[in-house]
Amino acid sequence: GIQVEQSPPDLILQEGANSTLRCNFSDSVNNLQWFHQNPWGQLINLFYIPSGTKQNGRLSATTVATERYSLLYISSSQTTDSGVYFCAVYTNAGKSTFGDGTTLTVKP
Amino acid sequence: ETGVTQSPTHLIKTRGQQVTLRCSSQSGHNTVSWYQQALGQGPQFIFQYYREEENGRGNFPPRFSGLQFPNYSSELNVNALELDDSALYLCASSERQGSYTFGSGTRLTVV
């Protein structure tokens with residue numbers, strides 16, 4: 001099956017800093033989504049981005065499907081950005097694979 | 001529009017018992033996917049249902065089974081519970097090809 005690798009596994013930032021999270025995947029995919037998991041376990045959709053670039057406030061994402069990677073950018077980080085960020089990829093066969101996540105800690 | 005709702009939120013079962021978890025899809029969504037998330041790991045895909053038929057399955061044994069109903073709500077059934085089945089179970093709904101919306105999950109503890 002498809003392998004999804006996220007890096008870095010852990011990231012500690014000072015408030016106001018910028019960061020880049022990476023997601024590499026091993027095969028062609030139909031779709032890709034970035035999530036933020038809150039402390040109660042709910043996965044919050046950040047971007048649905050099979051290709052191209054999208055922006056939403058301080059967050060933006062870029063997927064280069066031909067090179068099998070996606071990047072999530074967080075600018076001017078805030079303490080509320082802390083949590084686990086997941087990348088998930090979907091195939092035609094109805095299957096989906098999540099990476100192991102990046103745990104982000106933003107210190108005041 | 002209503003989101004994805006899962007019930008119950010928490011559950012404690014004894015090893016060997018059976019459990020049924022429920023998921024109501026977001027309005028307009030006809031596809032439901034189920035995931036198991038162990039502590040400190042990413043969600044693992046169990047299976048997906050599209051229009052009441054299983055549409056894809058991950059590496060889970062047959063004692064994990066599911067149903068999707070005509071209103072697109074879904075159930076996950078787990079038989080012969082094992083201690084390692086303790087996890088957060090997540091349900092997501094989507095259109096056939098579209099972004100996934102997740103519920104808040106059911107936290108299952110097997111003792």
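Residues numbered from 1 in each chain as written. Chains lettered and ligands numbered in written order. Predicted model: local features only at pLDDT ≥ 70, side-chain atom pairs only at ≥ 80, totals over all residues. Heavy atoms only, no water.

Engineer: Let's hear about the packing of aromatic side chains: which residues, and what values?
Structural biologist: Going through the model one piece at a time under the given rule, you end up with 10 aromatic pairs over all chains. Taking the centre distance of 5.1 Å and the plane angle of 65° together, the rings of Phe-60 of chain B and Phe-64 of chain B count as edge-to-face. The residues Phe-60 of chain B and Phe-64 of chain B share a single accessibility class, namely buried. By the ring-pair criterion, three or more aromatic residues cluster together here, those being Phe-35, Phe-86 and Phe-98 of chain A together with Tyr-35, Phe-45 and Phe-102 of chain B. (Phe/Tyr/Trp six-rings, centres within 6.5 Å; stacked < 30°, edge-to-face > 60°. Buried < 20%, exposed > 50% of the residue type's maximum accessible area, 1.4 Å probe, protein only.)

Engineer: Help me get a handle on the environment of Pro-39 of chain A, residues and values and all.
Structural biologist: All names here are of chain A. Inspection of the secondary structure puts Pro-39 in the loop between strand 4 (31-37) and strand 5 (43-48). Judged by its relative accessible area of 72%, Pro-39 is exposed. Here the alpha-carbon distance between Pro-39 and Asp-27, two residues 12 residues apart in the chain, equals 31 Å. (Helix = DSSP H or I, 4+ residues; strand = E, 2+ residues; numbered from the N terminus.)

Engineer: How would you sum up the state of the cysteines? Please name residues and give values.
Structural biologist: Under the defined criterion, the tally for this structure stands at 2 disulfides over all chains. Note that Cys-23 of chain A is cross-linked by a disulfide to Cys-87 of chain A, the S-S spacing being 2.0 Å. Linking Cys-23 of chain A and Cys-87 of chain A, the disulfide has an S-S dihedral of approximately -50° and is accordingly described as left-handed. In this pair, Cys-23 of chain A sits in strand 3 (residues 19-25) while Cys-87 of chain A sits in strand 9 (residues 83-90), placing the two residues 64 residues apart along the sequence. The buried category is assigned to Cys-23 of chain A, whose relative accessible area is 0%. Through a disulfide, Cys-23 of chain B is tied to Cys-91 of chain B; the S-S separation comes to 1.8 Å. (Disulfide = S-S within 2.5 Å.)

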